[in-house]
Amino acid sequence: MKIYTSRWHGCILLIGMTLPICHSWAQSHVNTGGIRVMVTDEAGANLEGAEVSLTHTDTGAQRTIMTSSKGIVEAPLLSVGGYDVLVQKAGFSPAKQTGILVTLGQLQVVNFQLKVGAVTTVVEISKPAASSEASRLEMSFLVDNTMVSGLPINGRRFADLALLSPGVMQEIERNQLSISSARGINSSINLDGLEFTEPFFGGQRGGERSSLAYTVSQESVQEFQVVRGNASAEFGRGTGGVINVLSKSGANDFHGSAFYYLRHKELAPRDALGDERAPTRQQFGGSLGGPIVKNRTFFYNVYDQQTERQPLIIRFNNPTGLPPEILNQQGIQTSTNGINTYLAKLDHQFSYHRLFARYNFSRNQGENATYTGVSNGTPSYNGTEADRIHTAALSLTSTLSPTRLNELRGQYSYEVRPRINNLESGDFVSNAGPTVLISGCCVLGGVSLLPTIQHDSRWELSDNLSLIQGSHNLKVGFDYSRSYADQTFRGNWRGSYAFSSTTAYLHVINHDINPATKLPYTPDIFSAFFGEGRFQGAENEYAVFVEDSYRASSKLSLDVGLRYEAAVYPQPVDPNSLLTQTSKINNDITMWQPRFGLTWNPTGNGKLIIRLGGGLYNAQTPLLLINQAFTANGSPTVGSSFTLTAPMISAFQRIHPEFVFPFVPDTSKAENASYFASAGIPSIRPDATFFEPDFRNPRSLQYTLGVERQLTGVLSISLDYIHNHTVHLERIHDVNLPFPKDQLDNSIPPVVRPRFDLRLRPNPNFNVLRQYESSARSNYDGVTLSLNHRYSRRLMFLASYTLAYNRDDDSNERNFQGITYENAYDLQAEYRWSRNDIRHRGVLSGIYDLPRGFQVGSILEWRTGTPFSAFTGVDSNGDGQFTDRPIVAGIPLLRNSFRQPNYFHQDLRLSKTLSLHERYRLALIGEMFNLWNVDNLSYNVSTNESTTTALGGIWGRGQIPLPTFRTLRFSNGSLNRDGINAGMPFQLQLALRFTF
């Protein structure tokens, strides 16, 4: 599918590309801010040749620039913080403004009107600088240090504050941050201007653990910016938006902190289902920064640690009839979550250069951490999750001349993530047994994904050059990133058995005879992987961009940019000779991304701002997907997987009578696949994985329109619209299915639906041919109304309401094996509401400073529920998958036809600061999460749509749904414990925080 899907879309891009060369760097900068100074005389005439000196108040760093013929000085690439601005010109009295605050990615506009007078007289101007909003091009949200330190953050993961931004949510499959509907793995995250994404799994560094354990201490974050629309050409590798994080630095004064946070399970009630779920958590650490050489060299250090023990509740759904030895494994165990983080930063100011070096480390160790909270898996179906990250980064900002500035950045980042199943040591010797999935009930045995031994690294080098010429700012740059991964992953090496119900499982373990076939009952599906599962490979990514910004007038700013990216993947070293598709992975070297933007200030006073923008954006493909094409290509010398349905199992048992549940053959070597392959049963063939020949990286067309009105000096209201149309999204497609025929299925009573005969697969040498293809698509339209009160008179708040429509035909985050559609020949029917569609969402956050050192901060969120699908719970169409949906009264229930209940949550932070000395302060803090102890009940449904053991989303095989389907309470008022989940209850956290 091409991205230019309508004449309208093409016209928008054409208009953007034919605009004049444009706007005076209203685009965001990844780790700096800027100041524009406008100088006139008393008559309002522009003053050329005035000397403008900008002094960073914390470090003494200074930059001096002469005004242009238009009386303007452009000063980009400034460190964030406070500035003093001094303007001097012969024959005029010097003028000075203090307290100019530069924030991340924003431009402050400062106006001076010089008066004729003695040069020895300095005119102090105390009025605040004009709002930066008048020059802001992108749709962004700034989280400053006041919000980082003053709002309640549940877990001290600073990135959670990104959820305050409209259009940002935590997707439900991998718990990554989704911006403007993009898959979480397709959001771009930067730390100090360098990539902070995990190249193997996708998402932020730490992968899925990052939603449970912080990898960068909240204490080390100065501020960060969420760009949710119209990012400039400097930003890439993300189809939804960008998160820019800036770490703290030292200054001329010594400053630091020490903190201790305590959350105890005894301070929280049980949840709505009567379970004790609240953790006992301690978080402690401190920071210290200051000068090594005043005005020249500075240091900053942070150490942060967490210890946590949380109940792990093992509870099966609908377990009636299970043997006592299985039922007795239910109960309460303990999950742990230990964290250590450290960051050290060194800054040095040369005469014309600014250098920083940063090292950060994080360690996370969690027992019983593969599945936490409430789990329907036995104790053996869990494991220890560990993660270690080391990153070293350098940045050099050089002032080559007043109009030429350069940024050079580089990093090396290394992450290791060992994952080991309970009862085992990580040597692929199975003590936990095969994975046993009983649909609608529980999971027994070991985790099919464990153990996993994986480490990855990233080298990155980037350079940007800014050239300022009059009202133009031309910025050109490049970025090179090399991501390497080494993983041993043998998914389903222990064998995986799937049963459609508890009854089906009991038939097998009781050795019952099926009266229809006169044969013993068998599992519904068996799958296993044979091979070493070792992947080693590197992906090289290249990017160049050019951005020209133009301040056409005091009312109009324009921006045009072009970004080019190329992704060069590792190529398979041992392709399958029977499948030519396994010999190559298509390199995506055609990612041209034009961008444009316009900011119009029709009144000239900055009180009314109109913004228009659009462009193309590409995202990355994680190496996890590349891995499968290397290790599971169906070759007997590399690795292959087998998927056997019930008829295949019965046929195979006639030749190998020992193949009876829970038997699993030796899967340690690829050649051992001959156990199945040499049986001579035509329907039993290996599976294989490969990429489609023209695979592409995800690509989105975005356009935005926004109107902002300044109501007072600190209060503004805005109305924004974002459209995000994304194509080339990854999905897995079984391309070895025969065309289906309409036949009666196995429903009760049978109904007619398209059914597949797996004996007629087009390629008789193989079973499932999993093709990674970029055929999925999504559409997001969101309108946001926001009210923003910047900090003034002890108060700040942000209120927003978003109305959004999010559709797609596949919501998976980054499936490596699962198939989520119902009918391989009717993918158009999958295009429905996205699993991440949130129709209405309102967020209110604020901080208020009370008298006598008291402060209150709060976050409130209300949103409507996300969609989910109903499943029959069995393979109704015969394609070997559990993704079939019911047909009721002859009408198919479409994908995501149902929704979860609405959600409401409020957190509150109260603090009292005591002044112990002129510089020393002690804060007493109380934080309450889920202040009103709202139950937030939800249906227990599938989060990945490829298979499910979640009873709340299983309709069943009949015309009438199971009593547990989409039911919170039964008719007698009791809770449907087997089919619902409860939100976390009220929790109280107490803290002491010392600062100086």
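None of the values given here were measured: they were computed from a predicted structure. (Residues numbered from 1 in each chain as written. Predicted model: local features only at pLDDT ≥ 70, side-chain atom pairs only at ≥ 80, totals over all residues. Heavy atoms only, no water.)

Draft legend 1. Quick look at the sheet that holds strand β1 (residues 33–40). An order of β4-β1-β7 is seen for the three strands of this open sheet, with the pairing classed as mixed. Each of the sheet's edge strands pairs with one partner strand only, and the pair in question is β4 (72–78) and β7 (107–113). Between one strand axis and the next, the sheet turns by 15° as a mean value, whatever way the strands run. (Pairing = 2+ DSSP bridges. Helix = DSSP H or I, 4+ residues; strand = E, 2+ residues; numbered from the N terminus. Axes fitted to C-alpha atoms, helices over the stretch in contact; angles between N-to-C directions.)

Draft legend 2. Structural view of the pattern of salt bridges. According to the stated counting rule, one finds 51 salt bridges in the structure shown. The closest approach of N and O atoms between R885 and E830, which form a salt bridge, is 2.7 Å. With R885 in the loop between β49 (867–868) and β50 (887–888) and E830 in the loop between β45 (795–808) and β46 (832–833), the pair connects residues that are 55 residues apart, well separated along the chain. Overall, E830 belongs to the buried group, its relative accessible area being 2%. (Salt bridge = Lys/Arg side-chain N within 4 Å of Asp/Glu carboxyl O. Buried < 20%, exposed > 50% of the residue type's maximum accessible area, 1.4 Å probe, protein only.)

Draft legend 3. Quick look at helix α4 (residues 502–509). Among the residues of α4, T502, A504, Y505, L506 and V508 are the ones counted as buried. Against α3 (324–327), β26 (435–438), β27 (442–444) and β30 (496–499) lie the buried residues of α4. Where α4 ends, the next residue or the one after it, H511, has phi of about 60°, a positive value. (Contact = heavy atoms within 4.5 Å.)

Draft legend 4. Spotlight on the pairing of strand β12 (residues 188–191). Here β12 shows two buried faces, one formed by S188 and N190 and the other by I189 and L191. The pairing of β12 with strand β13 (residues 194–195) spans two bridges and is classified as antiparallel. In the sheet register, N190 faces β13, and the bridge partner there is E195. Hairpin connection between β12 and β13: a loop of two residues separates the two successive antiparallel strands, and D192 in this loop has a positive phi of roughly 55°.

Draft legend 5. The arrangement of the layout of surface pockets in detail. In this model, the second largest pocket occupies a volume close to 1,500 Å³. For the second largest pocket, the lining is made up of 49 residues, of which D524, A646, N746, V874 and D875 are closest to its centre. Those elements that provide at least two residues to the lining of the second largest pocket are α4, β32 (519–520), α6 (646–655) and β42 (741–744). In terms of residue class, the lining of the second largest pocket is built from 19 nonpolar, 23 polar and seven charged. (1 Å grid on protein atoms, 1.4 Å probe; cavity = no way out; pocket = protein on both sides within 12 Å on 5 of 7 lines; lining within 4 Å. Points joined across faces, edges and corners; volume = space filled by probe spheres on them. Nonpolar A, V, L, I, M, F, W, Y, C, P; charged D, E, K, R; others polar.)

Draft legend 6. Main features of the sheet that holds β12. With mixed pairing, five strands are arranged side by side in an open sheet as β9-β14-β15-β12-β13. Bordering the open sheet on either side are β9 (139–143) and β13, each of which pairs with just one other strand.

Draft legend 7. Looking closely at the environment of I525. By the secondary structure assignment, I525 is in strand β33 (residues 525–531). Separated by 123 residues in sequence, I525 and M648 place their C-alpha atoms 9.0 Å apart. Apart from the residues lying within four places of it in its own chain, the contact partners of I525 are S496, Y497, A498, T643, L644, I649, G880 and F882.

Draft legend 8. Quick peek at the environment of H656. Mapped onto the secondary structure, H656 falls in the loop between α6 and α7 (674–677). Here H656 falls in the partly exposed class, since its relative accessible area comes to 21%. Through-space distance from the C-alpha of H656 to that of Y675 is 9.2 Å; in sequence the pair is 19 residues apart. A distance of 3.0 Å separates polar atoms of two side chains, one belonging to H656 and the other to E658. (Polar contact = N/O pair within 3.5 Å; in protein donor to acceptor, adjacent residues only side chain to side chain.)

Draft legend 9. Region of the structure containing the confidence of the model for the protein chain. Within the protein chain, residue pLDDT values average 92, and 95% of them lie at 70 or more. The least confident element of the protein chain is helix α1 (residues 7–17), whose mean pLDDT is 37; the most confident is strand β17 (residues 280–293), at 98. Per-residue pLDDT stays below 50 along residues 1–27; that stretch engages in 77 contacts with residues further than four places along the chain or on separate chains. Contacts for the low-pLDDT stretch residues 128–132, under 50 throughout, to residues beyond four places or in other chains number eleven contacts. (pLDDT = per-residue confidence, 0-100.)

Draft legend 10. Highlighting empty space enclosed by the protein. Taken as a whole and judged by the stated rule, the model has 18 cavities of 30 Å³ or more. Its volume calculated, the second largest cavity comes out at about 210 Å³. As for the second largest cavity, its lining consists of 17 residues, and the residues nearest its centre are N190, E234, E460, D479 and R563. At the level of secondary structure, the elements contributing two or more residues to the lining of the second largest cavity comprise β12, β28 (452–469) and β29 (472–489).

Draft legend 11. Inspection of the environment of D694 at higher detail. With respect to the element layout, D694 can be found in the loop between β39 (686–691) and β40 (699–710). Taking the C-alpha atoms as reference points, D694 and E773, separated by 79 residues in sequence, lie 8.1 Å from one another. Discounting chain neighbours no more than four positions away, the residues touching D694 are N586 and S774.

Draft legend 12. Spatial organisation of the packing of aromatic side chains. Summed over all chains, the structure comprises 42 aromatic pairs. Judged by centre distance (4.5 Å) and plane angle (45°), the ring pair of Y412 and W459 falls under tilted. In this pair, Y412 is assigned in strand β24 (residues 404–416) and W459 in strand β28, connecting sequence segments 47 residues apart. Taking 5.6 Å as the distance between ring centres and 80° as the angle between the ring planes, the aromatic pair formed by F659 and F676 counts as edge-to-face. Highlighted residues: F659 in the loop between α6 and α7 and F676 in helix α7, separated in sequence by 17 residues. Comparing F659 with F676 shows no difference in burial state: the two are buried. Cation over ring: R417 sits above F201, and NZ or CZ is 5.0 Å from the ring centre. (Phe/Tyr/Trp six-rings, centres within 6.5 Å; stacked < 30°, edge-to-face > 60°. Lys NZ or Arg CZ within 6 Å of the ring centre and 35° of its normal.)

Draft legend 13. Up close: the nonpolar core. Judged by nonpolar contacts, the single largest core of 61 residues is most densely connected at L322, I438, F499, Y505, L644, F659 and F676. Broken down by element, the residue count for this core peaks at six residues, all from helix α5 (residues 623–631). Once residues lying within four places of it in the same chain are set aside, the contact partners of L644 are D524, I525, F526, I649, F659, F676 and I684. (Core = buried A, V, L, I, M, F, W, Y, C linked by side-chain atoms within 4.5 Å.)

Draft legend 14. Looking closely at unusual backbone geometry. A cis amide bond links F661 to the next residue, P662, at an omega of 10°. In this model, I748 is joined to P749 through a cis peptide bond whose omega is -5°. Mapped onto the secondary structure, P749 falls in the loop between β42 and β43 (752–755). Phi angles above zero are rare outside glycine, and N492 is one such case at about 70°.

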